[in-house]
Structures are given as structure tokens and as C-alpha cells.
Amino acid sequence: MNSNSDLQIAGDILEVQHLLQPAREHPSTVSEFVGLARTIAADRAQWEQLVRYDTTTRWYHRLRTGPGYEVWLLSWVPGQGSGLHDHGLSCGVLTVLEGRLTERTERATRALDSGAQRVFAPGYAHEVVNDSLEPAVSLHIYYPGLTEMPMHAAQCAPAAVDVVPA
Ligand SMILES: [Fe+2]
């Protein structure tokens, strides 16, 4: 820092738009992916009419894609769950949009209410289940896009691979 400088900024720097970095069209950092999920969560018109509830199988819909990432919308009727799985080489952001989900890992069980977010790294293993009495909706962002979702048997190595977002 040059202590001889008499440069000062007058006023609010955030009002000097041409000095700010332009907003990126696509997220590339963890905080930007979390922010994207929050933005989508807040804009119900983007996803609300797309949600379906299927009692025979977990319902999912790819909401959008971008460079290297995918955004999935999932619904969970009471009793539906993912089984214990990881996400291969993908990182992820899970956001509960509606209802309550429960996440189970080797270490903890967490109740995830509407608005809750979980960020996970490649190899993170969890099970997500709707053990409430109401349907739930969640948003899942994967970076890179999900190409495998190895299922785990309890206390065993990864088993069969089935790519269903969760
Ligand atoms: Fe998952």
C-alpha cells in the first residue's frame, strides 16, 4: 500500500458498476453453485409446475444444464428414499425446496427442512429419504454432471451403478 497516495473513493463503490466484475452467466465456485440453487429455490415459477409425485418410483427431471453441470428437480413421496450411494466424481449441492427430507451418513442423521442445503465432495456417501408424512421436493446440482451413482450396501464397498439423481 502506498501511504503517499491521496487517492480516496467518494460515495458508494457498488454504485460504480463499470468497476465491478460482470456477473458470470454460469456458476463455477461452490458459493456460486449454492447461490444458483438458492435463486432457483426462490423462483417457484421455474419449477413448481414441473413437479410430479409418483408413488411407484422416485420422480426426477433435469431442470437445466450448463458448462459442466446439471440441475435436477426431484420429488419424494412419504417413504421414498435413495438408498445409500455416492456420486462418483461429481460434487453436489442438495437443496430442499419443499417438505422435509432426512439425510443419513455413516456419521450422522440430519433432518433437512425446506431451505436446507448440503454441499458434498466427490465420493461423499449418503442416503436421502422422505420419512415424513408429506411429499417433499428437492433440487440437486452436480458438477461435473452425474455420470454414475454407485449404490452402497451397508458396511460394503460400492455395488451396482445406476444413474438416478439423489
Ligand atoms: Fe445423493
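Refer to the structure printed above.
Report follows, based on the coordinates. Just so you know, these numbers come straight off a predicted model, no measurement behind them.

Points about the nonpolar core
Residues I40, W47, V71, L73, L139 and I141 are the most contacted members of the largest nonpolar core, which totals 17 residues. Breaking this core down by element, the ones donating at least two residues are α1 (30-42), β1 (59-66), β2 (69-76), β3 (91-98) and β8 (136-143). Broken down by element, this core gets its largest block of residues, 5 residues, from α1. Leaving out residues up to four positions away in the same chain, I141 has contacts with F33, L36, A37, Y69, E70, V71, C91, G92 and V93.

Focus: the pattern of salt bridges
With the rule as written, the count across this model stands at 9 salt bridges. With a shortest N-O distance of 2.6 Å, R100 and D113 are connected by a salt bridge. Residue R100 is found in strand β4 (residues 100-104), and its partner D113 is found in strand β5 (residues 109-113); the two are separated by 13 residues along the sequence. Using a relative accessible area of 38% as the deciding quantity, one classes R100 as partly exposed. Between R104 and E127 there is a salt bridge, with its nearest N and O atoms 3.9 Å apart. A residue pair is termed long-range when its members are at least 10 positions apart, and R104 in strand β4 and E127 in strand β7 (residues 127-129) qualify at 23 residues.

Some points on the side chain of N130
Its place among the elements puts N130 in the loop between β7 and β8. Contacts of N130, omitting those with residues within four sequence positions, involve W76, V77, P78, G79, Q80, R100, L101, P135 and A136.

Describing unusual backbone geometry
The residue after Y143, namely P144, is reached through a cis peptide bond having omega -10 degrees. Relative to the assigned elements, P144 resides in the loop between β8 and β9 (150-152).

Considerations on the coordination of the iron ion
Each protein donor to the iron ion is listed here as H85 (NE2), H87 (NE2), H126 (NE2) and A166 (O); together their distances run 2.1 Å. Coordination at the iron ion is irregular: its 4 donor atoms span angles of 97 to 146 degrees at the metal.

Calculation criteria
- Residues numbered from 1 in each chain as written.
- Predicted model: local features only at pLDDT ≥ 70, side-chain atom pairs only at ≥ 80, totals over all residues.
- Heavy atoms only, no water.
- Core = buried A, V, L, I, M, F, W, Y, C linked by side-chain atoms within 4.5 Å.
- Buried < 20%, exposed > 50% of the residue type's maximum accessible area, 1.4 Å probe, protein only.
- Helix = DSSP H or I, 4+ residues; strand = E, 2+ residues; numbered from the N terminus.
- Contact = heavy atoms within 4.5 Å.
- Salt bridge = Lys/Arg side-chain N within 4 Å of Asp/Glu carboxyl O.
- Donors = N, O, S within 2.8 Å, 3.2 Å for Na, K, Ca; no water.
- Tetrahedral: all angles 85-135°; square planar, octahedral: opposite > 155°, others 65-115°.

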